[in-house]
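# Coordinates in review
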Amino acid sequence: MNILAIANQKGGVGKTTTSCTLAYIAANDGKRVLLIDADAQCNSTDTSRVNSDGVSTLYDLLINKDSTDCIQHTNFGYDIIAGDPLLRDADKLLSGFADVFVLKEQLENERFASYDLIIIDTPPALGTLLMASLTAASHVLVPMTADRYAAQGINRLARSVADTQKYTNPNLTCCGVLLTRKARPTKLSQKIETGLPELAEQLGTTVLEVAIRETVRVREAQAAREPLMEWDNTCTAAQDYQMLYVELKSKGVL
Ligand SMILES: Nc1ncnc2c1ncn2[C@@H]1O[C@H](COP(=O)(O)OP(=O)(O)O)[C@@H](O)[C@H]1O
Ligand SMILES: [Mg+2]
């Protein structure tokens, strides 16, 4: 089983869009897929049209160590463990020495053994939830946008990945930097894109061949709470995500 964490402590870089769209495409390619929403903002949960109230969530799994009923089926082919606004306090509650192992340990439960792929949508912070996600993962994918601040904080994310590899998960591989929301080239975006290989190198990886183009369809799908692939599977970003799926599959990540 592969466990793919989608990580970047910056918000707005496409973590949730990438997590939900890859989960959808993999499920529709016949894989048994579980999406885990590790962000207290619950965007993946909302997009997947499941509840985070009145149901068992990732909070129950991690804090109460209760895995019964935390899996919900979506109408889109994949299953999900919902996010929870209470995860905002996860870093305080998971401050013990061994707490970075809590997700890894829970996912070893036989309840999760039938999945081919688990995708973790991680929070926009370098806290315990991210460290726990990286500790549980086999691969980490880093989405980035080509904006002025793209490079900001990548050194700290690279340190979190390297620390995880050194102390808690020697099997973690960074499978690539994914350029998202790629717009018509400007001088600035071209300059930033030229610098991406160097950023990827800090993470011990390369920039993926596929980039995801910016299109209003992504925002429309989100507003309609529809998976991108159901809203418009012919739009540029949908085509790019299909190609990304093929590229990651050829690398053995999915
Ligand atoms: N390829 C894209 N084209 C246009 N808008 C996008 C694209 N990818 C993401 N977005 C939009 O950018 C915002 C941030 O994306 P999201 O996936 O939520 O990022 P994150 O989870 O990293 O915060 C959302 O409003 C989303 O609809
Ligand atoms: Mg998000």
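Anything mentioned here points back to the structure above.
Right, let's walk through the structure included here. (Residues numbered from 1 in each chain as written. Chains lettered and ligands numbered in written order. Predicted model: local features only at pLDDT ≥ 70, side-chain atom pairs only at ≥ 80, totals over all residues.)

### Side note on the overall build of the protein
As a reminder of what qualifies: Every helix listed is a DSSP run of H or I at least four residues long, and every strand listed is a run of E at least two residues long, numbered separately from the N terminus. For this measure, only C-alpha atoms enter the radius of gyration; the expected value for a globule follows 2.2 Å times N^0.38, where N is the number of residues. Counting other C-beta atoms within 10 Å of each residue's C-beta, where C-beta atoms are placed from the backbone, gives the exposure class: buried for 20 or more, exposed for 12 or fewer, partly exposed between. Distance between backbone-placed C-beta atoms decides contact: two residues are in contact if it is within 7 Å.
Check the secondary structure of the protein and you find eleven helices and seven strands. For a compact globule of 254 residues, the expected C-alpha radius of gyration is about 18 Å, and the protein comes in at 17 Å, within 12% of that figure. Looking at the protein as a whole, 48% of its 254 residues are labelled buried. Long-range pairs, those at least 24 residues apart, make up 78% of the contacts in the protein with a sequence separation of at least 6.

### Looking at the sheet that holds strand 2 (residues 33–37)
Our working rule: Should DSSP find at least two bridges between two strands, the strands are regarded as paired. The convention used is that axes are lines fitted to C-alpha atoms, helices contributing only their stretch in contact, and that angles between N-to-C directions extend from 0 to 180 degrees.
One open sheet accounts for seven strands, arranged 3-4-2-5-1-6-7; its pairing is mixed. The open sheet has two edge strands, strand 3 (71–73) and strand 7 (173–180), and neither has a second partner. When the angles between neighbouring strand axes are averaged without regard to direction, this sheet yields 25°. Relative to strand 4 (residues 79–81), strand 3 runs antiparallel, the two sharing three bridges. Counted as the bridge partner of histidine 73 is aspartate 79 from strand 4. Relative to the sheet, helix 1 (residues 15–28) contacts strand 1 (2–6), strand 2, strand 5 (117–121), strand 6 (139–145) and strand 7, its axis offset from that of strand 5 by approximately 165°.

### Observations regarding the site of ligand 1
What counts, and what does not: The criterion for a residue being near a molecule or strand is a backbone-placed C-beta atom within 6 Å of that molecule or strand. When residues are sorted by character, Ala, Val, Leu, Ile, Met, Phe, Trp, Tyr, Cys and Pro go into the nonpolar class, Asp, Glu, Lys and Arg into the charged class, and all the rest, Gly among them, into the polar class.
Neighbouring residues of ligand 1: 17 residues in total, closest Lys15, Thr16, Thr17, Glu214 and Val218. In terms of residue class, the shell around ligand 1 is made up of four nonpolar, nine polar and four charged.

### Things to note about the nonpolar core
Here is the rule we go by: Joining buried Ala, Val, Leu, Ile, Met, Phe, Trp, Tyr and Cys residues through C-beta atoms within 7 Å gives a set, and that set is a nonpolar core.
Core analysis: the largest hydrophobic core is formed by 83 residues, its most contacted members being Ala23, Ile119, Val140 and Val142. Apart from residues no more than four positions distant in its own chain, valine 140 is found in contact with Ala5, Ala7, Leu134, Val161, Leu172, Cys174 and Cys175.

### Comments concerning the packing of helix 6 (residues 128–136) against helix 7 (residues 154–168)
Threshold: Relative orientations are named as follows: roughly parallel for angles under 35 degrees, roughly antiparallel for angles over 145 degrees, roughly perpendicular for angles from 65 to 115 degrees, and oblique for any other angle. For any helix crossing, the convention is left-handed if the near helix is rotated counterclockwise from the far helix by under a right angle, and right-handed if that rotation is clockwise.
Look at helix 6 against helix 7: their axes get within 10 Å of each other, and the N-to-C directions meet at 55°. Regarding the angle of helix 6 to helix 7, the classification is oblique. The handedness of the crossing between helix 6 and helix 7 is right-handed. Residues Leu130, Met131, Leu134 and Thr135 of helix 6 form the contact with helix 7, whose participating residues are Ser160, Val161, Thr164 and Thr168. Of the residues assigned to the contact of helix 6 with helix 7, the class counts are four nonpolar, four polar and no charged.

### Side note on helix 6
The element helix 6 is extensively covered by neighbouring structure, given that nine of its nine residues are classed as buried. Every buried residue of helix 6 is accounted for by Thr128, Leu129, Leu130, Met131, Ala132, Ser133, Leu134, Thr135 and Ala136. Buried residues in helix 6 make contact with strand 1, helix 4 (90–93), helix 5 (102–107), strand 5, strand 6 and helix 7.

### Digging into unusual backbone geometry
Although it is not a glycine, cysteine 42 adopts a positive phi angle of roughly 60°. Mapped onto the secondary structure, cysteine 42 falls in the loop between strand 2 and helix 2 (43–47). Looking at cysteine 42, the number of C-beta atoms within 10 Å reads 23, which means it is buried. Phi angles above zero are rare outside glycine, and arginine 49 is one such case at about 55°. Among the secondary structure elements, arginine 49 is positioned in the loop between helix 2 and helix 3 (58–62).

### Focus: the pairing of strand 7
Going by this rule: The path from the first strand over the helix to the second decides the hand: if it runs clockwise while the strands point away from the viewer, the crossover is right-handed.
For strand 7, the tally of buried residues reaches seven of eight residues, placing the bulk of the element in the interior. Looking at chain direction, strand 6 and strand 7 are connected through seven bridges and run parallel. The residue of strand 7 that forms the bridge with methionine 144 is leucine 179. A crossover links strand 6 with its parallel partner strand 7, the connecting element being helix 7, and its sense is right-handed.

### Topic: the pairing of strand 1
Burial analysis of strand 1 places four of its five residues in the buried class, the great majority of the element. With five bridges joining them, strand 1 and strand 5 adopt parallel strand pairing. Bridge pairing links isoleucine 3 to isoleucine 118 in strand 5. Relative to strand 6, strand 1 runs parallel, the two sharing three bridges. Considered in strand 6, the bridge of leucine 4 is made with histidine 139.

### Thoughts on the environment of lysine 15
Turning to its location among the elements, lysine 15 is positioned in helix 1. When the 29 C-beta atoms within 10 Å are taken as the criterion, lysine 15 is described as buried.

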